[in-house]
Amino acid sequence: MKKTLIAMATCAALLAGCSSGKKDEQIASLQGQVKTLEASVKQSNQRNDTLQEQVTDLDGKLRDAQGEADDLRVKLERANKDSDPEQVARLQKRIGELQLEIDTLKAAPPVTEPPKETTEPTKPEETPAEPTPDPEVKHKLQDLLRLVKGETDMTSLREAVGLINTADKQTRDEFIASIQQWVKDEPENKHARMALARVLTTRFQDIKNPLQQGALATDIKKETEKALEIDPDYYEAQHFLAILKVNYPTFLPEFTGADKDLDKALDMQAKMTWEDRFADIYAAYGLWYRKQNKLDEAAAKVQAGLDHAPRNQGLLDEQKAIEDARNAESEG
């Protein structure tokens, strides 16, 4: 409608200056332009209506899926209490299907306003430029790779992971391929398996599909578990596996059984000299309880970690998250 009013104003201004001989011809031309603009506005309004219907439909499907998933989780909790493994397995499968549907709906492209009408050619959308390979980074990674293969504390590996996280995809893929070759050459080397699990985490930024992300998480878990199979007392792998499982969706068995891995990591810590990274396990344990709304247990685990490391930022952040959850619960 706004475009139509502008066009009408333009018509009035032009008609005021027309000579009588050309007036009819110019009026007809301008009236044609007005009709074209009105048709364009009508099409835009129709597109808006269609997009709104799509939004409403997606919102409805998402609410339905989330509602069913919440109901099933309640039934799953009851089935666990009743020790009914067949029903538990059936409910877990259905909840997994619903979670995939929810993730897919949430990942749907955002609905946007229709493009503005313009007389200028439409310019294609610019995608963020992929970082170009940096020879200096590549050289640094080659140096780090040699160190990674000779170290047991993974200090160089952590530096390498930080580098490839911000590097271009080609550099990232090349480094991952080097670690994969190391595993192929030394399949029973626990450090090689653990290194592969760590570097594979950098691939999440290249994957948007939830199914592919799930497959990647499975590969990472398998490599970590293989490292522990080679050496059951390998703390690095136990630490990583426990935190990995805490970050699984809450309805999956990996998450529900994560406390066993967390406890094992804490038992292993008790036989070792304290290191700052040990606090990660206490923070992860707090998160595990918080995700289940067991806030007292979450606070106790975080406090146990703070007794060892009172200024650890990860523990302080989790403590704040627990307090926020309590406040939200009391307000609700």
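Residues numbered from 1 in each chain as written. Predicted model: local features only at pLDDT ≥ 70, side-chain atom pairs only at ≥ 80, totals over all residues. Heavy atoms only, no water.

1. Considerations on empty space enclosed by the protein
Gaps left between atoms show up when a probe the size of a water molecule is rolled over them.
Link 1 in the chain: Per the stated rule, a full pass over the model turns up one cavity of 30 Å³ or more.
Link 2 in the chain: In this structure, the largest cavity encloses a volume near 50 Å³.
Link 3 in the chain: Together, Val148, Glu151, Met154, Leu157, Trp182, His191 and Ala195 line the largest cavity.
Link 4 in the chain: Each residue belonging to the lining of the largest cavity can be placed in one class, and the counts come to five nonpolar, one polar and one charged. (1 Å grid on protein atoms, 1.4 Å probe; cavity = no way out; pocket = protein on both sides within 12 Å on 5 of 7 lines; lining within 4 Å. Points joined across faces, edges and corners; volume = space filled by probe spheres on them. Nonpolar A, V, L, I, M, F, W, Y, C, P; charged D, E, K, R; others polar.)

2. A closer look at the packing of aromatic side chains
What describes a pair of aromatic rings is the distance from one ring centre to the other and the angle between the planes of the rings.
Link 1 in the chain: Counted by the stated rule, this structure contains seven aromatic pairs.
Link 2 in the chain: Centre to centre, the rings of Trp274 and Phe278 are 5.5 Å apart; their planes meet at 85°, and the pair counts as edge-to-face.
Link 3 in the chain: Between Trp274 and Tyr282, the ring centres sit 6.3 Å apart and the planes meet at 45°, which makes this aromatic pair tilted.
Link 4 in the chain: What makes Tyr282 buried here is its relative accessible area of 11%.
Link 5 in the chain: An aromatic cluster of at least three residues, connected via ring pairs, comprises Tyr235, Trp274, Phe278 and Tyr282.
Link 6 in the chain: Residue placement shows Lys190 over the ring face of Tyr234; its charged tip is 4.6 Å from the ring centre.
Link 7 in the chain: A cation over an aromatic ring shows up here: Lys301 above the ring of Tyr285, its NZ or CZ 4.3 Å from the ring centre. (Phe/Tyr/Trp six-rings, centres within 6.5 Å; stacked < 30°, edge-to-face > 60°. Buried < 20%, exposed > 50% of the residue type's maximum accessible area, 1.4 Å probe, protein only. Lys NZ or Arg CZ within 6 Å of the ring centre and 35° of its normal.)

3. Some words on the packing of helix 8 (residues 210-230) against helix 9 (residues 235-246)
How two helices sit against one another is set out by the angle between their axes and by the gap between those axes.
Link 1 in the chain: In the contact formed by helix 8 and helix 9, the axes pass within 9 Å of each other and the chain directions differ by 150°. Helix-helix and strand crossings are classified by hand; for helix 8 and helix 9 the assignment is left-handed. Every residue of helix 9 that contacts helix 8 at Ile220, Lys221, Thr224, Glu225, Ala227 and Leu228 is listed here: Ala237, Gln238, Phe240, Leu241, Leu244 and Lys245.
Link 2 in the chain: A breakdown of the residues in the contact of helix 8 with helix 9 according to their chemical character gives seven nonpolar, two polar and three charged. (Axes fitted to C-alpha atoms, helices over the stretch in contact; angles between N-to-C directions. Helix = DSSP H or I, 4+ residues; strand = E, 2+ residues; numbered from the N terminus. Left-handed = near helix turned anticlockwise from the far one by under 90°. Contact = heavy atoms within 4.5 Å.)

4. Details of the confidence of the model for the protein
Link 1 in the chain: Across the protein, pLDDT averages 80, with 66% of residues at or above 70.
Link 2 in the chain: Summarising per-element confidence for the protein, the mean pLDDT is lowest in helix 1 (residues 2-16) (38) and highest in helix 11 (residues 258-269) (98).
Link 3 in the chain: For residues 1-20, every residue scores under 50 in pLDDT, and the model assigns this stretch 16 contacts once sequence neighbours within four places are set aside.
Link 4 in the chain: Low pLDDT, under 50, characterises residues 108-122; the predicted model gives this stretch 15 contacts beyond four residues in sequence or across chains. (pLDDT = per-residue confidence, 0-100.)

5. Notes on the pattern of salt bridges
Link 1 in the chain: Scanning the model with the defined rule gives 20 salt bridges in all.
Link 2 in the chain: The residue Glu236 makes a salt bridge to Arg158 at a minimum N-O spacing of 3.3 Å. With a gap of 78 residues between them, Glu236 in helix 9 and Arg158 in helix 5 (residues 155-166) connect regions that are remote in the sequence.
Link 3 in the chain: With relative accessibility at 32%, the residue Arg158 sits in the partly exposed group.
Link 4 in the chain: Salt bridges linked by common partners bring Arg158, Arg198, Glu236, Glu275 and Arg277 together as one network. (Salt bridge = Lys/Arg side-chain N within 4 Å of Asp/Glu carboxyl O.)

6. Structural notes on the side chain of His239
Link 1 in the chain: Among the structural elements, His239 can be located in helix 9.
Link 2 in the chain: For His239, the side chain forms a polar contact with the side chain of Tyr235, separated by 2.8 Å.
Link 3 in the chain: Excluding its chain neighbours within four sequence positions, the residues that come into contact with His239 are Arg277, Asp280 and Ile281. (Polar contact = N/O pair within 3.5 Å; in protein donor to acceptor, adjacent residues only side chain to side chain.)

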